[in-house]
Amino acid sequence: MRIINSQILTNPNYHFIGNSLYKDVILVAWDPAPYSSNLDKWYKNPDYNLFTPYVQHRSKNPNQPFYILHPKFIWQLWDIIQENTKEKIQPNPPSSGFIGIFIMMSMCNEVHVYEYIPSIRQTDLCHYHEHYHDAACTLGAYHPLLYEKLLVQRMNTGVKEDLYGKGKVILPGFRSARCRRRFWFP
């Protein structure tokens, strides 16, 4: 499964339609709609026009699963981050990594994630699929990465040695999660 934001679909530098990264996988696209935007308003005016490349890709690959997330889902994830953070954070959409983690937690009993929280091998590489380096990618400039990572670290049921040495966290799926206080989703 590959989680992609609408910029990937619309930026010609990513060659979405022809790039092998987007073949033979389940695609899940999202767009950073405004926090309070309703579905009809967002559909008519997305942040990036993901619908045209979506239709093009679906016509070329009709059997490939390809989904678009409802923008409300993105902001419900941001609400979860805010509810689990003591300080007030700027309402920017969560990262594709965080979105993917939560999708996997809804599908699996247990999720193993590597290097989302950087290990001792930390680099300033922003994305595994490109060679763009920026130290700001670790803490986030546009996404609330620091708060996402702190929340994932708190949810970790794995051992601390794996977290620091391998960047590995083990997260319970929602079906197996046991919460001491109120559940995250409304």
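**Quick look at the packing of helix H4 (residues 71–83) against helix H5 (residues 96–107)**
And then number 1: Packing of H4 against H5 leaves a shortest axis separation of 11 Å and a crossing angle of 95°. Between H4 and H5, the angle is such that the two are roughly perpendicular. Touching Phe73, Ile74, Leu77, Ile80 and Ile81 of H4 are Phe98, Ile99, Phe102 and Ile103, all from H5.
And then number 2: Looking at the contact of H4 with H5 residue by residue, the classes come out as nine nonpolar, no polar and no charged.

**Thoughts on the sheet that holds strand S2 (residues 27–30)**
And then number 1: As summarised here, the arrangement of the three strands in space is S1-S2-S3, forming an open sheet in which the pairing is parallel. The strands lining the two open edges of the sheet, one partner per strand, are strand S1 (2–5) and strand S3 (66–68). The mean angle between the axes of side-by-side strands here comes to 25°, regardless of whether they run parallel or antiparallel.
And then number 2: Of the strand pairs in this sheet, S2 and S3 are connected by three bridges, and their pairing is parallel. Bridge pairing in S3 links Val28 to Tyr67.
And then number 3: Sitting on the sheet, helix H3 (residues 51–60) touches S2 and S3, and the angle it makes with S3 is about 160°.

**Some thoughts on a nonpolar patch on the surface**
And then number 1: Nonpolar side chains collect at one region of the surface, where Met1, Ile26, Tyr67 and Met107 lie side by side and expose about 390 Å² of accessible area between them.
And then number 2: Position of Ile26 among the secondary structure elements: in the loop between helix H1 (6–10) and S2.
And then number 3: On the basis of relative accessible area, Ile26 is assigned to the partly exposed category, the value being 33%.

**Some details on the nonpolar core**
And then number 1: Counting residues in hydrophobic clusters, the biggest one holds 30 residues, and the most contacted among them are Phe98, Ile99, Ile101, Phe102, Tyr116, Val152 and Leu171.
And then number 2: Filtering out sequence-adjacent residues up to four positions away, Tyr116 remains in contact with Ser95, Gly97, Phe98, Ile101, Leu145, Glu148, Lys149, Val152 and Gly167.
And then number 3: Within the second largest apolar cluster, twelve residues are counted, among which are Phe16, Leu27, Ala29 and Trp42.

**What about the confidence of the model for the chain?**
And then number 1: For the chain, per-residue confidence averages 85 on the pLDDT scale, and residues scoring 70 or more make up 82% of the total.
And then number 2: Counted against residues more than four places away or in other chains, residues 181–186, with its pLDDT under 50, gives 15 contacts.

**Details of the packing of aromatic side chains**
And then number 1: For the coordinates displayed, the defined rule picks out ten aromatic pairs.
And then number 2: Residues Phe16 and Phe66 carry aromatic rings whose centres are separated by 5.9 Å and whose planes lie at 55° to one another, so their mutual orientation is tilted. One end of the pair, Phe16, is in the loop between H1 and S2; the other, Phe66, is in strand S3, with 50 residues separating them in the sequence.
And then number 3: Taking relative accessible area as the criterion, Phe16 reaches 3% and is therefore assigned buried.
And then number 4: Seen from their ring centres, Phe102 and Phe174 are 5.6 Å apart, and the 50° between their planes marks the pair as tilted. Placement of the pair is Phe102 in helix H5 and Phe174 in the segment after strand S5 (168–172), with a sequence separation of 72 residues.
And then number 5: Residue class for Phe102 comes out buried when judged on its relative accessible area of 2%.
And then number 6: With relative accessibility at 15%, the residue Phe174 sits in the buried group.
And then number 7: By way of ring pairs, the aromatic residues Phe16, Tyr22, Tyr54 and Phe66 are connected into one cluster.

Reading the values: the criteria
Residues numbered from 1 in each chain as written. Predicted model: local features only at pLDDT ≥ 70, side-chain atom pairs only at ≥ 80, totals over all residues. Heavy atoms only, no water. Axes fitted to C-alpha atoms, helices over the stretch in contact; angles between N-to-C directions. Helix = DSSP H or I, 4+ residues; strand = E, 2+ residues; numbered from the N terminus. Parallel < 35°, antiparallel > 145°, perpendicular 65-115°, else oblique. Contact = heavy atoms within 4.5 Å. Nonpolar A, V, L, I, M, F, W, Y, C, P; charged D, E, K, R; others polar. Pairing = 2+ DSSP bridges. Patch = residues over 30% accessible without salt bridge, like charges linked within 9 Å, V, L, I, M, F, W, Y side chains within 5 Å. Areas by Shrake-Rupley, 256 points an atom, 1.4 Å probe, with all protein chains shown as cover. Salt bridge = Lys/Arg side-chain N within 4 Å of Asp/Glu carboxyl O. Buried < 20%, exposed > 50% of the residue type's maximum accessible area, 1.4 Å probe, protein only. Core = buried A, V, L, I, M, F, W, Y, C linked by side-chain atoms within 4.5 Å. pLDDT = per-residue confidence, 0-100. Phe/Tyr/Trp six-rings, centres within 6.5 Å; stacked < 30°, edge-to-face > 60°.

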